[in-house]
Every structure is written in structure tokens, then in C-alpha cells.
Amino acid sequence: MQKALREFVLVGAADTPADVPQIADPRFGITDGGKARTLRRTWLDTFDWRLYLAGLTLELRTGRGTAELVLTARDGELIAAERTGGSTSAGSASGSADGRPHWPCLAGELSLGPLREHLTPVIGVRALLPVARATSVLIERRAVNADDKTIATLTLDRMTVTYPKSGPAPARLTVSALRGYQAQASRLTDALTAAPGVVAAAAPAFESALAAAGRKPGDYTSKIDVQLTGSMPAALALVTVLGRLFDTVEANLSGTIRDVDTEFLHDLRVAVRRTRSVLKTAGSILPASLASRYRPEFKWLGDLTTPTRDLDVYLLGYSSMAGKLVAATAEELQPFRDHLGRQHSLAQRELARGLRSARFARLTSQWREDLAQIAAAPPRRPPVGRLAARQIARAHRRVISDGKAITATSPPGSLHELRKRCKELRYLLEIFASLHDPAEQWQAVNELKALQDCLGEFQDTEVQQAELRDFAAQMMADRSAPAATLLAMGEIAAALAIRQRRARSEFGGRFAEFASPQGLARIGALTRVVA
Amino acid sequence: MKILATYNIKGGVGKTATAVNIAYLAAKDGYRVLLWDLDPQAAASFLFRVRPRVKGGGKALIAGKRPVDDAIKATDFDNLDLLPADFTYRNLDLHLDSERKSTRRLRSLLTPLRREYDVVVLDCPPSISLLSENVLHAADMLLVPLIPTTLSVRTLDQLTEFIADFDGHRPQILAFFSMIDRRKRLHLEIAAQLPAQRDDVAATAIPALSAIEQMSVRRTPVAASAPRSQAARCYRELWQEARERAKLPDPPPQP
């Protein structure tokens, strides 16, 4: 396979189709003609750009009755390619049984092979979605030397973007050297560079297509990417953060309703929890009416999402749970999997109904309006630097005091409360992250995260055991649980209890580390007032 | 990877025309093909418009100081690469002689290419030499063009006997009649009788045709420039016969 040596963008008059430029170098000639072929292109990535961030590009190329999925590195180096059959449906809805991938598509739905092997660890639980589509008219020409021997192929690409917005993209010219002719082809590219209207391509075709459609790769992140300064009025800072959090809620809305992958709901829930945390800890910084009006609304929204998320967690961990069965078999557990699937469908339907409800629509419009009103005339004091330092210090003190009060005989509820305090501290660290030194911030969050993981494991296994009992009761009631399945579920309950006990025994060490002088110093560094 | 070689002690019998067309047809069938022009006259290189020059010459190549891989050039045809000739190849015998296992050197030079190519075609100079002995040891199949004369048949017998004395690997021989002059009764008689009498003579024969001679003017295989011509048809049949007798597996799927 020829590797692209150089790519150019052709800058020409908008009303004439771009063509291969004439070059003045007598050592080379470019053949005329060249049959045009049409290629339909769909670039795919996860909603949070995992492939792009990993330096990868995945493209479905459809033309002449064939379709091929091609994974390349950013520099165009081929990593894996796979034919997917027929010429239709690049971007059609999922659900057909024709063996071709349909979008959205999870890693597990791709056919087995090198492509899936490369993609699975990168995309994880996220689905692949079309991020841009284009139609390319490709015309191939040959560059020849004085012996009339081909030294390179020149591919002219007249591309029209069709999704997410329609529009022409700048024509591109790719020079690919034939094996053994790299030196001559390099001289040819030098000659092309000197031709009028030829500019070295600064970005690959994928990014060019996205730019033509008004998008930028990496334009979604669930992180709170707002830039605060310590002297900014606290009310304005909080309103900015709340607005950004609601951007995240809205960005994930469609994917959550369509159940594209579990991360849409996860990101939406985290944004809601962060919002609730800001409203709870804002105190007098924001008008009292805002908290009293919206705290119940965001609680409602959070509660609406809980059943589906709990079932997501069960289903995501199902294979691992089934794989660890010792006495029972995976087949015996299957009715439980079926039950989870049915429950998930019901919960998902309820969730979608809630997110399409008038209550949610009201929340969306009024929340934005109220935030805009505060942002228009925010109280000038206090500055956010002081607020951040005070709130982080207070939240940290509460974690330390609640943690110290936990003994070997403390009930599970006290660990759950501590987990909530830890979450509040974590959200504050994340909300005010832009005020802090990134290295200090990273260390503090990492330490807190280790403690949260332990508390999360304890609480999640607690909840899952209780849910498992409920599931068993439901399955008994609707007679969908054979005895072997209940026994298998019992084994899972035992495994959860062991995990919970392990997490409980690890808690002391984790907390001691967090509350150590070094740990305290790390958080202390973030409680300095930033100007 | 299968190695085919066009070989005959005599010159001007159609070795290069056969090597070039067989290599082209194999590539067209989807095999990844390398044609090595071992003849310092560089006719195959000329036909593919590749300059007959190898950096470091034949000496560096045979001594392994320059990887074979570095000298390979793409032709203008998909799947078909060429290792060009170099005028220093006239001294290949000397360079081979200074190597250990001097009769197996060519085979060992080709070994690293087995993942990259499905078929290698060796276009040999007319001679009986250390180089030709290397070719006989490297090849899985010898394509031997014969002018239909009694002396040519005798030469084939000598070659067969020589190979029969090899220890271990012996190439399969597929002789075929080349440059048949339809106006000559002897040509027609021998070309008709011998394939029926001997297993190592192909049923396909290549007539003397002006289209084949014109290859040097057009500088392209006749199977590419005139695919419907009689010459192209004959080479296609010969390729099919060689492919079947060499038991070549199906080509890999196209990328």
C-alpha cells in the first residue's frame, strides 16, 4: 500500500471545481484525465472523542458496492481495516441483522477481528457514533519522470460535507510516492508547494470535514472547563459553573433518552449532582429563592435517573459476576440477566418519559433564565477565591471529623454519610479547579479518589445486596426464577458480601492515609486564598 | 511464497517476455509479486521503465550489505514490484563465489521477503553459471522456454538430469514452446507431439508474434497493453497452467 507522502489544500476560486495544479518543473509530468470515483465517508468516534484523544481516526468508506472500516493513526498510518460488506446504510439506525455495523455501535457489536481488538480498550463502554459525513469525488492522476515512469500518484479530493451540516470543504491533493521513488516524489512535492493556490494541509481530511461543518474535535468534555479567577465575584463564578453544568446535562439528554450508551446517563447524573452540590453549599452567595426553587427540581431529576443507572451498573458488571461463579453456572444465572434486561427497559422508559416531560422542559428554560438574571448583575463580593478556600476547608474538616468518628462497629449508614461528604469535597475541588495549581489539584483529587473508591465499593455492594434480594422476590413473584437461578443469585450475594467486607477492612488504612499530615497538607495547599 | 524462474541456457528464446507477462498476470490476479531482473542487459527493467541501477551494485546485494528490500521499486501496476537489474550483475558469479553456501545464496536473500510477496519471478540471464545454479536451487518452478527444435529438447533433457542430481530441494520444471513459427512444419510437429509425450512440457505454447516484439516499443507487458491479443491469451493460459502445477494458494484478499 502506498503511504501518503504529503497532503495539500487547494485554494482556488469558489465557482470553479478545483483541479491538480500545473507545475513548471520539466523533470516531472502529470497525466491528464483520470476516472472520477465517488466515496461516501463517515467518521466515527465516541461522544467524548476517545478515539481522537488517543490519536486515532476511524472512517467508514463506502463506494463501488463495498464498505470498509479503516482505523488510522493521526499521521495516516494504517492500523487496521475491515470490509463490512454492502454499500448502503453508512449511518443508518441500528438493529439490522445483516452483519454490518450500524450506528451507534458498541465495541461488542463489532465483528471479531483486529479492528475490534484495537478499538475495545480505547472506547470502553462508549458507543461509536458518526461525527461527520462527507462525499468525496476522487480523481487520480499519475506523476511521471523523464522515463515516463510513474513515481507518485496524485489524488484530488473534492469533498462535500453532508453531516452535521452541509457545505463544501476545501479540495485536497494527496501525493503518494511509489515504492523506491520517495526522493523523486519529494522533489515533486517541492514543485507543487511552489505552485499558486497550493497550501500544505495543516489538518487531516477528517478535521477539515468537521471544520466545514462548524465543529471541532474534542468539543465535548464532562469536565467543568470554565476558567475562573480568584478576584471574580463569587456569584458570577458559581452561575458560570452552573451554566456549564447544565450544558453537560443538555448535551447528554438525547443520548440518555435514546439509551445510546451508559455514559450519557452517567455524565448527566454527575452534572446534576454537581449542580445540587453547588446549590447546597452556595449559602448566601446566590439568592435564597434560587436554592429553594431549584434544589427540589434537581433532586427530582437526580432521583429520576437512579433506577436506570443502578441497573446499568448491574448490567455492566454482569459478565464479570457471571464469570466468577464457582458452584453455579452462567447458564443458570441467565434468567437473572433476562430479568435485569426487562427491568432496565421499564426504568429506561420511565426515565425517557421524565426527560420529555413538561416539568423538565420548564426546568430547562427557567433555570437558564434565572442564571442569566444573576449573571447580568452579580453582587461584587465576596470574590470566588475566598469562597473557594472557605468552602473547601469546611468540606474537608467535615470529612475528617466524620471519618474519625467511624469505628469498627459503626453502621453502614455512617460510611454512606461520609461518602456523601467526600463527594461534596470532590465537587468543590472540581468546580474550583481552575483556581488551583494543576499539579497540587491532581494530587489532592487523587488522594480523595482513593478514599472515595473504597467508600463507593462498600456502599455499592451494600445497595446491590439489598437490590438482589428485591430482584429475587420480584422473580419469585412473577415465577421467572428457577431454583438454580436463585442459588446462583445467592452465590453472587455472597460474593458481594465478601467484597463489602474487604472494603470495610480497607477503610481504616485509606482514611489514615487521607488524614495523614501529608494528606492534610495537600488539601491545605488548596485552601490558600487565591487572588 | 513461491519462486518461479524463467530459465534457459540460450538467449533470445523469450525468457524476459515470459517473466514480465507472468509477473504482470500474477499481480493482476491479486498476488503480491516481485520480479527480479537478474540479467545485466536489463530488458525487464527497461520494459517497466525502471532505471537499471541498484545502489552498491550486485556486490552489496549479494554480500547482504544492502537489504534487498531497499532496492525494490514499484512498477506502474498494482501488486507488482521490481528488483531492477544493474550492470554490475555481470560479476554476480564472482560475488556469489565469495559467499558461504554459494549455490544457495539467492534463496537466503529472498527469505526475508516471504511475508511481503506471494510470488517471486526471477528473470535469468542466458548462461550456465554459479548464478544459474543459484536460481535452480532457489526456484520452486522453472519455466523453460523452448524453441521447437530437436536440439532444444536435448537441452531440456540435460537440465532435467542436472536437477535430478540435486540433494533435497528440486525445482519443478515446466517447459513450454516459445517463438513458434507457424510456417515451419518442424516447429508445428514438435510442438504438437512433445506435450503429449512428456509431463514437464506445458500444453500452452507461445507463438512468435509481433505483439510480443512490440513490447520493447510500448515498454509494457503485452498482457496489459493488448489484453485481448493472441499473445496475451497465450501468456494467460501459460500462467494458469503454471499456477495450477505450482499449486499456488488463492491470492490474499485485497486491502
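Procedures and definitions
Residues numbered from 1 in each chain as written. Chains lettered and ligands numbered in written order. Predicted model: local features only at pLDDT ≥ 70, side-chain atom pairs only at ≥ 80, totals over all residues. Heavy atoms only, no water. Helix = DSSP H or I, 4+ residues; strand = E, 2+ residues; numbered from the N terminus. Buried < 20%, exposed > 50% of the residue type's maximum accessible area, 1.4 Å probe, protein only. Contact = heavy atoms within 4.5 Å. Phe/Tyr/Trp six-rings, centres within 6.5 Å; stacked < 30°, edge-to-face > 60°. Lys NZ or Arg CZ within 6 Å of the ring centre and 35° of its normal. Salt bridge = Lys/Arg side-chain N within 4 Å of Asp/Glu carboxyl O. Patch = residues over 30% accessible without salt bridge, like charges linked within 9 Å, V, L, I, M, F, W, Y side chains within 5 Å. Areas by Shrake-Rupley, 256 points an atom, 1.4 Å probe, with all protein chains shown as cover. Lys, Arg positive; Asp, Glu negative; His and termini not counted. Charge placed at Lys NZ, Arg CZ, Asp CG, Glu CD. pLDDT = per-residue confidence, 0-100. Polar contact = N/O pair within 3.5 Å; in protein donor to acceptor, adjacent residues only side chain to side chain. Buried area = accessible area lost by both parts, 1.4 Å probe. Nonpolar A, V, L, I, M, F, W, Y, C, P; charged D, E, K, R; others polar. Axes fitted to C-alpha atoms, helices over the stretch in contact; angles between N-to-C directions. Parallel < 35°, antiparallel > 145°, perpendicular 65-115°, else oblique. Core = buried A, V, L, I, M, F, W, Y, C linked by side-chain atoms within 4.5 Å. Pairing = 2+ DSSP bridges.

What follows concerns the overall build of chain A. Looking only at helices and strands, chain A features 16 helices and 11 strands. With the C-alpha coordinates of chain A rotated into their principal frame, the extents come out at 90 × 65 × 50 Å. For chain A, the proportion of its 531 residues judged to be buried stands at 49%. For chain A, contacts bridging at least 24 residues in sequence account for 71% of all contacts bridging at least 6.

Once that is clear, we can look at the packing of aromatic side chains. Aromatic ring pairs are reported here in terms of the distance separating the ring centres and the angle at which the planes meet. All names here are of chain A. Counted under the stated rule, the structure contains 16 aromatic pairs over all chains. Seen from their ring centres, phenylalanine 298 and tryptophan 367 are 5.0 Å apart, and the 70 degrees between their planes marks the pair as edge-to-face. In this pair, phenylalanine 298 sits in helix α8 (residues 288-316) while tryptophan 367 sits in helix α11 (residues 358-376), placing the two residues 69 residues apart along the sequence. With respect to class, phenylalanine 298 is no different from tryptophan 367; both count as buried. Here a set of aromatic residues connected by ring pairs shows up, and it is made of Phe246, Tyr294, Phe298 and Trp367. Here arginine 133 stacks its cationic end above the ring of tyrosine 163, 4.8 Å away from the centre of that ring. Here the guanidinium or amino end of arginine 337 rests over the ring plane of tyrosine 318, the centre of that ring lying 5.9 Å away.

Residue and element names in this part refer to chain A. All chains considered together, the criterion is met by 42 salt bridges over all chains. Between arginine 293 and aspartate 370 there is a salt bridge, with the nearest N and O atoms lying 3.3 Å from each other. With a gap of 77 residues between them, arginine 293 in helix α8 and aspartate 370 in helix α11 connect regions that are remote in the sequence. Of the residues examined, arginine 293 reaches a relative accessible area of 39% and is grouped as partly exposed. Exposure remark for aspartate 370: the relative accessible area of 16% places this residue in the buried category. In this structure, lysine 449 engages aspartate 453 in a salt bridge whose closest nitrogen and oxygen atoms are separated by 3.8 Å. Here lysine 449 pairs with aspartate 453, and both are found in helix α14 (residues 438-477), just four residues apart, close to one helical turn. Assessed through its relative accessible area of 36%, lysine 449 is described here as partly exposed.

Glancing now at a positive patch on the surface. A cluster of like positive charges, contributed by Arg380(A), Arg381(A), Arg386(A), Arg390(A), Arg394(A), Arg397(A) and Arg398(A), occupies part of the molecular surface. Relative to the assigned elements, Arg398(A) resides in helix α12 (residues 384-404).

Let's shift gears to the confidence of the model for chain B. Summary statistics for chain B give a mean pLDDT of 91 and a share of 99% for residues scoring 70 or more. Model confidence for the complex is summarised by a pTM of 0.79, with the ipTM given as 0.86.

The next point concerns helix α7 (residues 130-138) of chain B. Residues and elements named next belong to chain B. Most of α7 sits inside the fold, with eight of its nine residues counted as buried. Turning to α7, its buried residues number three or more, namely Leu130, Leu131, Ser132, Asn134, Val135, Leu136, His137 and Ala138. Packed against the buried residues of α7 are β1 (2-6), α5 (92-97), α6 (105-110), β5 (119-123), β6 (141-146) and α8 (150-164). Here α7 starts with a cap whose side-chain oxygen sits 3.3 Å from the backbone nitrogen of leucine 131, and that cap is serine 129.

Counting residues at the interface gives 15 residues for chain A and 16 residues for chain B. Between chain A and chain B lies a buried interface of about 1,200 Å² when both sides are counted; carbon and sulfur atoms form 37% of it. On the chain A side of the contact with chain B, Asp147(A), Lys149(A) and Arg179(A) bury the most area, a combined 52% of that side's loss. The interface formed by chain A and chain B contains 12 residue pairs in polar contact (both at pLDDT 80 or more). In the side of chain A that touches chain B, the residues fall into four nonpolar, four polar and seven charged.

Residues and elements named next belong to chain A. In contact at an axis separation of 10 Å, helix α7 (residues 262-281) and helix α13 (residues 412-431) are set at 90 degrees when each is read in the N-to-C sense. By the angle between their directions, the pair α7 and α13 is classed as roughly perpendicular. Contact residues: α7 offers Arg273, Arg274, Ser277, Val278, Lys280 and Thr281, while α13 offers Arg421, Lys423, Glu424, Tyr427, Leu428, Glu430 and Ile431. For the contact of α7 with α13, a count of residues per class yields four nonpolar, two polar and seven charged.

Turning next to the environment of Asp76(B). Tracing the backbone through its elements, the reader meets Asp76(B) in the loop between β3 (73-74) and β4 (80-83). In this structure, the C-alpha to C-alpha distance between Asp76(B) and Tyr24(B), residues 52 residues apart in sequence, is 10 Å. Sequence-distant contacts of Asp76(B), defined by excluding residues within four places in its chain, comprise Arg142(A), Asp148(A), Lys149(A), Thr150(A) and Leu178(A). Here Arg142(A) takes part through its side chain, which lies 3.4 Å from a polar atom of the side chain of Asp76(B). Within the local environment of Asp76(B), its side chain forms a polar contact with the side chain of Lys149(A), the two groups lying 2.7 Å apart.

Our next topic: the nonpolar core. In this structure, Leu286(A), Phe298(A), Leu301(A), Trp367(A), Leu425(A), Phe432(A) and Phe507(A) are the most contacted members of the largest nonpolar core, which totals 70 residues. The greatest single-element share of this core, amounting to 10 residues, is contributed by helix α5 (residues 234-251) of chain A. Counting 65 residues, the second-largest nonpolar core is a separate cluster that includes Phe8(A), Ile151(A), Ala17(B) and Tyr31(B).

Attention now goes to the sheet that holds β4(B). Residues and elements named next belong to chain B. Reading across from one edge, β3-β4-β2-β5-β1-β6-β7-β8 is the order of the eight strands in this open sheet, with mixed pairing throughout. Only two strands of the sheet have a single partner each, and these edge strands are β3 and β8 (201-207). Sheet topology places strand β7 (residues 172-180) next to β8; four bridges connect them, and they run parallel. Looking at β8, one finds that serine 178 is bridged to isoleucine 206. Strand contacts of helix α9 (residues 185-197): β7 and β8, with the helix running at about 160 degrees to β7, the strand carrying the most contacts.

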